[in-house]
Amino acid sequence: GGHWFGHTSPQKIWHYHAPYVGHPQYPTEDELVGYAFDGFPIYGVVEDTSVLDGCNGRVVNGQYQYHVHMISQVNATINGKVVKKYCNGMSPAVNWNYILGCYHGDISRAKVTDSRHTTIPDR
């Protein structure tokens, strides 16, 4: 509820339906909000999305990072007709375009495990 706007899929995979990613308002471009499956960090909104690549990322100080989009940056309308939707529905991983447009890094060796059998390390 609230500003989370997310839920689990039938496969028990958490995903968001809004770019607030757990914040009561849009996170700033310098605010770390999480990490993508490929290990790159995800930061808040940039005002000028033309600086982002097709995966919603860019290089800052020599390091690649993703950025979330505002609703107005994803859902575009022309003459009242939606021309760009927040979920393209074509990706087998259902990448919500508020957060990622694709993966920049290699995920071929990434391992997904059942959280019921995963131990979270102590800090």
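Residues numbered from 1 in each chain as written. Predicted model: local features only at pLDDT ≥ 70, side-chain atom pairs only at ≥ 80, totals over all residues. Heavy atoms only, no water.

Chemist: Explain the side chain of H69 to me, please; I cannot follow it from the model alone.
Modeler: Tracing the backbone through its elements, the reader meets H69 in the loop between β6 (63-67) and α1 (71-74). At 3.4 Å, the side chain of H69 and the side chain of N56 are in polar contact. (Helix = DSSP H or I, 4+ residues; strand = E, 2+ residues; numbered from the N terminus. Polar contact = N/O pair within 3.5 Å; in protein donor to acceptor, adjacent residues only side chain to side chain.)

Chemist: Hey, could you run me through the state of the cysteines in this one?
Modeler: Put plainly, two cysteines are in a disulfide when a covalent bond ties their sulfur atoms together. Applying the stated criterion to the full structure yields one disulfide. In this model, C55 is linked to C102 through a disulfide, with the two sulfur atoms separated by 1.8 Å. Disulfide C55-C102: the torsion about the S-S bond is -90°, which places it as left-handed. Residue C55 is found in the loop between β4 (41-43) and β5 (57-60), and its partner C102 is found in the segment after β8 (81-84); the two are separated by 47 residues along the sequence. Looking at C55, the relative accessible area reads 8%, which means it is buried. (Disulfide = S-S within 2.5 Å. Buried < 20%, exposed > 50% of the residue type's maximum accessible area, 1.4 Å probe, protein only.)

Chemist: Mind showing me how you'd approach the sheet that holds strand β3 (residues 32-35) here?
Modeler: Backbone-to-backbone hydrogen bonds join strands into a sheet, with any given pair of strands oriented parallel or antiparallel. In spatial order, the strands read β3-β4-β6-β5; together these four strands make up an open sheet with mixed pairing. The two strands at the open ends of the sheet, each matched to only one other strand, are β3 and β5. Taken over all neighbouring pairs, the strand axes of this sheet differ in orientation by 40° on average, direction set aside. The pairing of β5 with β6 spans four bridges and is antiparallel. Within β6, the residue paired with G57 across the bridge is Y66. (Pairing = 2+ DSSP bridges. Axes fitted to C-alpha atoms, helices over the stretch in contact; angles between N-to-C directions.)

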